[in-house]
Amino acid sequence: MTRAERKKEHIEHALQTKQNRLTGFDDITFVHVSLPETALSQVDISTKIGELLLSSPIFINAMTGGGGQQTLEINRALARAAAITNIPIAVGSQMSALKNHDERSSYEIVRKENPKGLVFANLGSEATIEQAKQAIDMIEADMLQIHLNVVQEIVMPEGDRCFTGRLRKIEEICQKVKVPVSVKEVGFGMSKETATKLFHVGVTAVDVGGFGGTNFSEIENLRRKKTIDFFNDWGITTASSVAEVSSACSDHPIISSGGIHGALDVAKSIALGASAVGLAGYFLKILKESGEDALIEEIRNVIKDLKRIMTVLGSNTIEDLQKTPLVLKGDTYHWLKMRGMDPSKYSRR
């Protein structure tokens, strides 16, 4: 099977498999503020990832590319939506375009349709310095995402089986490329130990890519004759990932992703410690079922709703929202306690 055929299968299976919504956000409750002392017009949702200034913490996270005309049209629509709503967009892994020049157009379309916006390149952790530079140049990227997908590769019939030396490769890329580097998980969550290692070697931001959204173990199992079912429930939830990485790396930008559905999940992510929030499967489903105009409308609605939530909480800025009190319960509370953190610190802020 070619990479292009595999990309098409991934899109089809991602739309077929339902997100289980086991992100942990149902364990998070805001402490209501009856006297917020602010106004909707005063709310500023701009944020930063390193030195990159974002007009909104919401962005379209990496999805696809390299699957011929079908993925080109998806990326064209996503890029137009990003440009119209003024939010960043990340492309899917560009390795296919580095190996097959004919696939470049399915990524280049993003910069063509969004010439002035923030665009993020994407490669796997096996990438070389030269490949990283080529991926950045291909779309004139403002940031490079390096994705970690060990579970997906292990379940994938034709996937990688050796992952040695990946941290060193990431460090070398951070040292040699001219744009900030973010490292993202792809649906199985990130621990504080992993995040600490990544920040130590020069990564600008981590994207926790938590459990609860698109499940790439389920997707790859649909492509196998003999399934490896135990990985379908593997990982750290998005809420727990953001909280524990924030507990150890609060001075660094943290990106929340993995099953994010709407403004309330975005707000909870930020309150747990994220600076930005990536949405992928949620936006893709809207695009494929209802079209580009519906996607644009939904992005605008999420932005409006985030501002409404921040107004009710008396949070004029993203920094304010990161300090608003929360009460944690259930599995998320238990996870953090067992991992040596004090969940009650959120409620005493």
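Thresholds applied
- Residues numbered from 1 in each chain as written.
- Predicted model: local features only at pLDDT ≥ 70, side-chain atom pairs only at ≥ 80, totals over all residues.
- Heavy atoms only, no water.
- UniProt positions renumbered as here; feature names shortened; annotations may be inferred.
- Helix = DSSP H or I, 4+ residues; strand = E, 2+ residues; numbered from the N terminus.
- Rg over C-alpha atoms; globule rule 2.2 N^0.38 Å.
- Buried < 20%, exposed > 50% of the residue type's maximum accessible area, 1.4 Å probe, protein only.
- Contact = heavy atoms within 4.5 Å.
- Areas by Shrake-Rupley, 256 points an atom, 1.4 Å probe, with all protein chains shown as cover.
- Lys, Arg positive; Asp, Glu negative; His and termini not counted.
- Charge placed at Lys NZ, Arg CZ, Asp CG, Glu CD.
- 1 Å grid on protein atoms, 1.4 Å probe; cavity = no way out; pocket = protein on both sides within 12 Å on 5 of 7 lines; lining within 4 Å.
- Points joined across faces, edges and corners; volume = space filled by probe spheres on them.
- Nonpolar A, V, L, I, M, F, W, Y, C, P; charged D, E, K, R; others polar.
- Salt bridge = Lys/Arg side-chain N within 4 Å of Asp/Glu carboxyl O.
- Arc of directions from axis to C-beta.
- Axes fitted to C-alpha atoms, helices over the stretch in contact; angles between N-to-C directions.
- Parallel < 35°, antiparallel > 145°, perpendicular 65-115°, else oblique.

The chain carries the name Isopentenyl-diphosphate delta-isomerase in an unreviewed UniProt entry, which gives Bacillus changyiensis as its organism. What the UniProt record of the chain gives under Function (unreviewed entry) is the line "Involved in the biosynthesis of isoprenoids. Catalyzes the 1,3-allylic rearrangement of the homoallylic substrate isopentenyl (IPP) to its allylic isomer, dimethylallyl diphosphate (DMAPP)." Regarding the chain, the relevant UniProt record gives this comment under Subcellular location (unreviewed entry): "Cytoplasm".

With that settled, consider the overall build of the chain. A tally of regular secondary structure across the chain gives 15 helices and twelve strands. Taken against the 2.2 N^0.38 rule, which gives 20 Å for 349 residues, the C-alpha radius of gyration of the chain at 19 Å falls within 12% of a compact globule. If one aligns the C-alpha atoms of the chain with their principal axes, the spans along those axes are about 60 × 40 × 40 Å. Looking at the chain residue by residue over its 349 residues, the buried ones come to 56%. Of the contacts formed within the chain by residues at least 6 apart in sequence, a portion of 74% connects residues at least 24 apart. Split by element, the accessible area of the chain, about 15000 Å² in all, is 50% carbon and sulfur. For the chain, the separation between the mean place of its 42 positive charges and that of its 43 negative charges on side chains is 2 Å.

In this structure, the second largest pocket occupies an estimated 450 Å³ of space. As for the second largest pocket, its lining consists of 22 residues, and the residues nearest its centre are Leu148, Asn149, Val150, Glu185 and Thr194. The set of elements that each furnish at least two residues to the lining of the second largest pocket consists of helix H6 (150-155), helix H7 (166-176) and helix H8 (192-200). Its residues assigned to classes, the lining of the second largest pocket shows eleven nonpolar, eight polar and three charged.

Its place among the elements puts Val179 in the loop between H7 and strand S8 (181-185). A relative accessible area of 17% means that Val179 is categorised as buried. Along the backbone, Val179 and Glu51 are 128 residues apart, and their C-alpha atoms lie at a distance of 9.9 Å. Not counting residues within four places of it along the chain, the set of residues in contact with Val179 comprises Ile136, Ala141, Asp142, Met143 and Leu144.

What follows deals with the pattern of salt bridges. Should the charged atoms of two oppositely charged side chains come close, the side chains can pair. Tallied over the full model, the rule gives 15 salt bridges. For Glu113, the salt bridge identified is with Arg76, shortest N-O distance 3.4 Å. Pair noted here: Glu113 is in helix H4 (residues 105-113) and Arg76 is in helix H2 (residues 69-85), with a separation of 37 residues, a long-range link. Using a relative accessible area of 21% as the deciding quantity, one classes Glu113 as partly exposed. In this structure, Arg111 engages Asp142 in a salt bridge whose closest nitrogen and oxygen atoms are separated by 3.1 Å. Here Asp142 lies in the loop between helix H5 (129-139) and strand S7 (143-148) and Arg111 lies in helix H4, a separation of 31 residues in the sequence. Take Arg111: its relative accessible area is 10%, and that puts it in the buried class.

So, on to the UniProt feature "domain: FMN-dependent dehydrogenase" (unreviewed entry) in the chain. Listed under "domain: FMN-dependent dehydrogenase" (unreviewed entry) in the UniProt record, and renumbered for this structure, are residues 166-324. Between the end C-alpha atoms of residues 166-324 there is a gap of 37 Å, over a span that is 52% helix and 10% strand.

Next up on the list: H8. For H8, the full list of buried residues reads Lys192, Ala195, Leu198 and Phe199. Seen from one end, H8 has its buried residues packed into an arc of 125 degrees, which puts them on one side. In H8, the exposed positions angled more than 90 degrees off the buried face are occupied by Lys197 and His200. Turning to H8, the residues buried within the fold contact S7, H7, S8, strand S9 (205-207) and helix H10 (238-249). Positive phi appears at Gly202, one or two residues downstream of H8, with a value of about 105 degrees.

A few words on the packing of H2 against helix H12 (residues 281-290). Here H2 crosses H12 at 105 degrees, and the two axes come no closer than 11 Å. The orientation of H2 relative to H12 falls into the category roughly perpendicular. Side by side, H2 and H12 meet where Gln70, Ile74, Ala77 and Leu78 of the first sit next to Leu284, Leu287 and Lys288 of the second. Broken down by class, the residue content of the contact of H2 with H12 amounts to five nonpolar, one polar and one charged.

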